[in-house]
Amino acid sequence: MKAKKLDIVRFASKGKDGFYDTVKARARAYFEHNNISPYANAQMWFKTAFMLALYFVPLIVIITGGVSNVWVFFGLWFLMGLGMSGIGTAVMHDANHGTYSPHKGVNKFISYILEVIGGYTVNWKIQHNILHHTYTNVSGLDEDIDTMGLIRLSPNQPVKWYHRYQHLYAWFFYMIMTLYWMTAKDFFQAARYKKFDLLVKEQLSLKGAMWRIASYKAFYYSYIMVLPLIFSGMPWYFVIGGFLLMHFTSGLLLSCIFQPSHIMETSDFAIPQDTDADGKRQMENSWAVHEIENTTNFAPRNRVLSWFAGGLNFQIEHHLFTNICHVHYRKLAPIVKMTTKEFGLPYNEERTFLKALLAHASMLRKLGRGMAPSM
């Protein structure tokens, strides 16, 4: 059966000497003037070691039966949840964007940490690098706003009666995000990507992808569940409870970092306006302008949050410069902000993390009550 093709859209031409060319030139000049590499530095390598230790050290203590106190036991699982979030935002994310090193082998090796914590790199790159970063907030293409109808994350999606309460219940689904991901999501994604012919570039058949996913999941659940059940010395229900606590912690933290970056009242949620000569849907703006109008920074002065979140509170800089390690975003932010001002573009930013979360909750409420489609 012939694979279907995604109904992709085209963006308007960036224009000669436009915004994107200017901001790229200024970013390049920053690195050249300061004689530094856009890749990982010593700070990044230290962070990598820290996040890995935050996940694996508590796990080792649990498996070796090194704790008998129930509260300490659950505390270790909580730390693993923090470590899992940190690996997601500050390790595997950069590796899969190729920003650790100019050597592809280094990035590929580090990216496999995603398989170790239960994910699948091939699917993640398709969903995140290709679909999300190219078609941010475009319904039908950006899977980050596709929740199978459970939560309405775009004014261009259908409204269900239960969406009226989504500003209350969405947080539960955020909590189980990684649990669903590490259990079933990859299987469904692989089947969908095969249907749309997106596994071809990875030289993978659906059977091969499914076999790999099943193998990685089996490995993950063997060490994260089976070993603690056998060796921790704690009752099985405590082990399952700790495992769920780890995922609830990680899922909620990751969602609270990513969702306020795009699902905001300031986001444009533009839809294609017409069709070009080749029959492709056409966006009004260029890709870079589209990214600017659908992305929000938050808490730019909060260095602790920025360190833990892998610089993803500087989401605008990340979307414009996916090939630059996140440790440099703080320095690039003033350059981008200045350039957007010169070109009359918005630079959406919330001063604190709390304000960003409240703004996101407000957006969920408005979307749930039928915010109209973008025009």
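Heads up: the structure comes first, above all this text.
This section reports on the structure supplied with the text. (Residues numbered from 1 in each chain as written. Predicted model: local features only at pLDDT ≥ 70, side-chain atom pairs only at ≥ 80, totals over all residues. Heavy atoms only, no water.)

With respect to the pattern of salt bridges
Per the stated rule, a full pass over the model turns up five salt bridges. Here Lys 217 and Asp 186 are joined by a salt bridge, their closest N and O atoms 2.7 Å apart. Of this pair, Lys 217 sits in helix H9 (residues 206-231) while Asp 186 sits in helix H8 (residues 177-195), and the two are 31 residues apart along the sequence. Taking the relative accessible area as the measure of exposure, Lys 217 reaches 7% and is therefore buried. For Asp 186, a relative accessible area of 0% translates into the label buried. (Salt bridge = Lys/Arg side-chain N within 4 Å of Asp/Glu carboxyl O. Helix = DSSP H or I, 4+ residues; strand = E, 2+ residues; numbered from the N terminus. Buried < 20%, exposed > 50% of the residue type's maximum accessible area, 1.4 Å probe, protein only.)

Notes on the layout of surface pockets
One number sums up the size of the largest pocket: a volume of about 990 Å³. Taken together, 41 residues line the largest pocket, and the ones lying closest to its centre are Gln 127, Glu 143, Asp 144, Met 177 and Lys 185. Each pocket or cavity is described by its volume, and for the second largest pocket that value is around 430 Å³. Contributing to the lining of the second largest pocket are 15 residues, with Ile 130, Leu 131, Asp 197, Leu 198 and Lys 201 lying nearest its centre. Of the residues that constitute the lining of the second largest pocket, the class distribution is eight nonpolar, one polar and six charged. (1 Å grid on protein atoms, 1.4 Å probe; cavity = no way out; pocket = protein on both sides within 12 Å on 5 of 7 lines; lining within 4 Å. Points joined across faces, edges and corners; volume = space filled by probe spheres on them. Nonpolar A, V, L, I, M, F, W, Y, C, P; charged D, E, K, R; others polar.)

Considering a nonpolar patch on the surface
A cluster of nonpolar residues, Val 226, Leu 229, Ile 230, Phe 231, Trp 236, Tyr 237 and Ile 240, forms a patch on the protein surface that exposes about 720 Å² of accessible area. At the level of elements, H9 and helix H10 (236-258) are the ones that each hand at least two residues to the nonpolar patch. Broken down by element, the nonpolar patch gets its largest block of residues, four residues, from H9. Of the residues examined, Trp 236 reaches a relative accessible area of 57% and is grouped as exposed. (Patch = residues over 30% accessible without salt bridge, like charges linked within 9 Å, V, L, I, M, F, W, Y side chains within 5 Å. Areas by Shrake-Rupley, 256 points an atom, 1.4 Å probe, with all protein chains shown as cover.)

What to know about the packing of H8 against H9
One way to put it is that H8 packs onto H9 with a least axis distance of 10 Å and a crossing angle of 175°. The pairing of H8 with H9 is recorded here as roughly antiparallel in orientation. Mapping the contact onto sequence places Trp 181, Met 182, Thr 183, Asp 186, Phe 187, Ala 190, Ala 191 and Lys 194 in H8 and Leu 206, Ala 209, Met 210, Ile 213, Ala 214, Lys 217, Tyr 220 and Tyr 221 in H9. When grouped by side-chain class, the residues that make up the contact of H8 with H9 number twelve nonpolar, one polar and three charged. (Axes fitted to C-alpha atoms, helices over the stretch in contact; angles between N-to-C directions. Parallel < 35°, antiparallel > 145°, perpendicular 65-115°, else oblique. Contact = heavy atoms within 4.5 Å.)

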